[in-house]
Each structure stands twice: as C-alpha cells, then as structure tokens.
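Here is how the chains run, residue by residue.
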Amino acid sequence: MATTPFSNLPADEAARLRSLRAAELLPALTEPVFNEFVALTARIFSLPISLISVVEETDVYYPANVGMPENKQQPRAEALCATAIEQAQAVVYHDLVLEEHPEIPEEALRAAEANGLRFYAGALLRLPDERPLGTLCVIDRAPRTFTAEEQRILELLAALVSRTVAVRHLCRLHPETGDAQWARLSAELEEEVQALNALVRYLTARHGALVPVPAAFLTQVESRLHDLQTLLDDFHPDA
C-alpha cells in the first residue's frame, strides 16, 4: 500500500488525527446536507466533480461526492486532497499534466492521470478545534483557469461546511436536545442550499456557463452564502 512520506506530514499531524477521530465525522458527513453543499459547489463553478474529503492517517475518504460516485476512498499518497493538509492551505492546480507541481507526490500524479483528471482546487475544511480535517474540492477532466475571486468563494463555501460540522458536533454533545435541534437545522440548511442551487441554475441558464465565473455572478452567490453563515452563527444548541 502506498504511504505518505514522513517528511510531507504536518508538524501537528498526531494531534490533528486525534481531533479527527474524536469528532467521529465520517457518519455525519454522509448526511444529506453535506451532499447538498457539494452539489452547490460543483454548480457554482460549472464543474462536473465536487467532493468533501476526510484525510486520515493512511487513506482519504469522500463521504460527500458529486461526479465521482465510484471514488469513495483511496490511499492518502494518491490523493490530491492530501496536499492541502500537508501545505496547510488551499491549493489550485490548473493543469496537472502540463504544469510542474513538485509538491505533489508521484503516486498522486499517476492516480490523477489514471482517472483523467486535469484540474483540481481544494479549500481546507476545519474541525471544531480549527485543525484541518480535509478539503472541499472541485475537479475537472480538462485544464481550467481559476481566479483569485473564484478561490475566495470556494474558501467561503469551505468555511460554511466547516461551521456546519462544528454545529453538528455541538448538537452531538447534548443528544437529549441536540439531535432534534440538528434535525430541524439541517432541514432548514438543506432547503436554503437547494434554493441557492436553483438560483445558480437560473443564472447559468440566463448567462451561460462562463469560465472564469463572472464577478457579478459570484457577488449574487456570495450574498446568499452570507445568509447561510448568519443562519449557522445564530444557532445555539440547548445545553
């Protein structure tokens, strides 16, 4: 099995893995609200693939997945998502074939080539203690430009997913009341994300799927994302 070279691991990797396992995230991230987020992310950027990744010690898991349903798990050394963890920042690869990316392990480049992947952009997702858990990413089988403004919106989406993870975790700490509260909140979040998805479909139908995504389009999307942020920030589970 391919393994991640020790020299590539973050200095706090052991603490990150402890936090990741304590949060018991994989079952939560299969809940419908997280698939709604990845579907929205793919649609905003008019890209065929979007994933939530969870970067574990030797493997990477994809509990929320649009566009690559067969890709549920792969060795960490073969996963592009792991590079964001190892660099502790968002990563963008416009063309995995023609550009040089010495920070990407050879195993990951070979796996991307085998899957026909050319473009990858991933923004960090964070645990409730702010340690990175994985990425929210978008992928294409063709090279693609990705502007600083597009990257900012991807990072805003990742922050929303991270906040949703944190709220879900808070609810788990108080199961006697939190489970019901989470059920109500997640249903409301799903409805809001679906409404935003409908807006993006309308804007795309009206203006076309332009690359890069026009600033005016992103501004309208960002306004609605801030509404989602407010919904999450205003939620306080009963103790």
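The structure contained in this document is the topic of the report that follows. Bear in mind the structure is a predicted one, so any value in this text is a computation, not a measurement.

### Focus: the pattern of salt bridges
Counted according to the given criterion, the structure contains 14 salt bridges. A salt bridge links Arg 131 to Asp 12, with the shortest nitrogen-to-oxygen separation between them at 3.1 Å. Placement of the pair is Arg 131 in the loop between strand S5 (119-126) and strand S6 (132-140) and Asp 12 in the segment before helix H1 (13-23), with a sequence separation of 119 residues. We classify Asp 12 as partly exposed; its relative accessible area is 32%. Close ionic contact of Arg 76 with Glu 13 constitutes a salt bridge, the shortest N to O distance being 2.6 Å. Taken together, the residues Arg 76 in the loop between strand S3 (73-75) and helix H4 (81-87) and Glu 13 in helix H1 connect sequence positions 63 residues apart. Accessibility expressed as a relative area gives 7% for Glu 13, which makes it buried. Three or more residues joined by partner-sharing salt bridges are found here, namely Glu 13, Arg 16, Arg 76 and Glu 86.

### Description of the sheet that holds S3
Spatial strand order, S3-S2-S1-S6-S5-S4: six strands in an open sheet with antiparallel pairing. Looking at the sheet topology across the chains shown, the edges are occupied by S3 and strand S4 (91-93). If you compare each strand with its neighbour and ignore which way they point, the axes differ by 25 degrees on average. As defined by bridge partners, S4 adjoins S5 across three bridges and the pair is classed as antiparallel. Its bridge partner being in S5, Tyr 93 is matched across the sheet by Tyr 120. Docked against the sheet, H1 engages strand S1 (49-55) and S6, running at close to 110 degrees with respect to S1. Running at roughly 35 degrees to S5, helix H6 (residues 148-172) makes contact with S1, S4, S5 and S6 of the sheet.

### Concerning the packing of helix H3 (residues 32-44) against H6
When two helices pack together, their arrangement is given by the angle between their axes and by how far apart the axes lie. The N-to-C vectors of H3 and H6 enclose an angle of 175 degrees; their axes lie 11 Å apart at closest approach. Taken together, the axes of H3 and H6 lie roughly antiparallel to each other. Contact residues: H3 offers Phe 34, Phe 37, Leu 40, Thr 41 and Ile 44, while H6 offers Leu 154, Leu 157, Leu 160, Val 161, Thr 164 and Val 165. Per-class residue counts for the contact of H3 with H6 are nine nonpolar, two polar and no charged.

The rules we used
- Residues numbered from 1 in each chain as written.
- Predicted model: local features only at pLDDT ≥ 70, side-chain atom pairs only at ≥ 80, totals over all residues.
- Heavy atoms only, no water.
- Salt bridge = Lys/Arg side-chain N within 4 Å of Asp/Glu carboxyl O.
- Helix = DSSP H or I, 4+ residues; strand = E, 2+ residues; numbered from the N terminus.
- Buried < 20%, exposed > 50% of the residue type's maximum accessible area, 1.4 Å probe, protein only.
- Pairing = 2+ DSSP bridges.
- Axes fitted to C-alpha atoms, helices over the stretch in contact; angles between N-to-C directions.
- Contact = heavy atoms within 4.5 Å.
- Parallel < 35°, antiparallel > 145°, perpendicular 65-115°, else oblique.
- Nonpolar A, V, L, I, M, F, W, Y, C, P; charged D, E, K, R; others polar.

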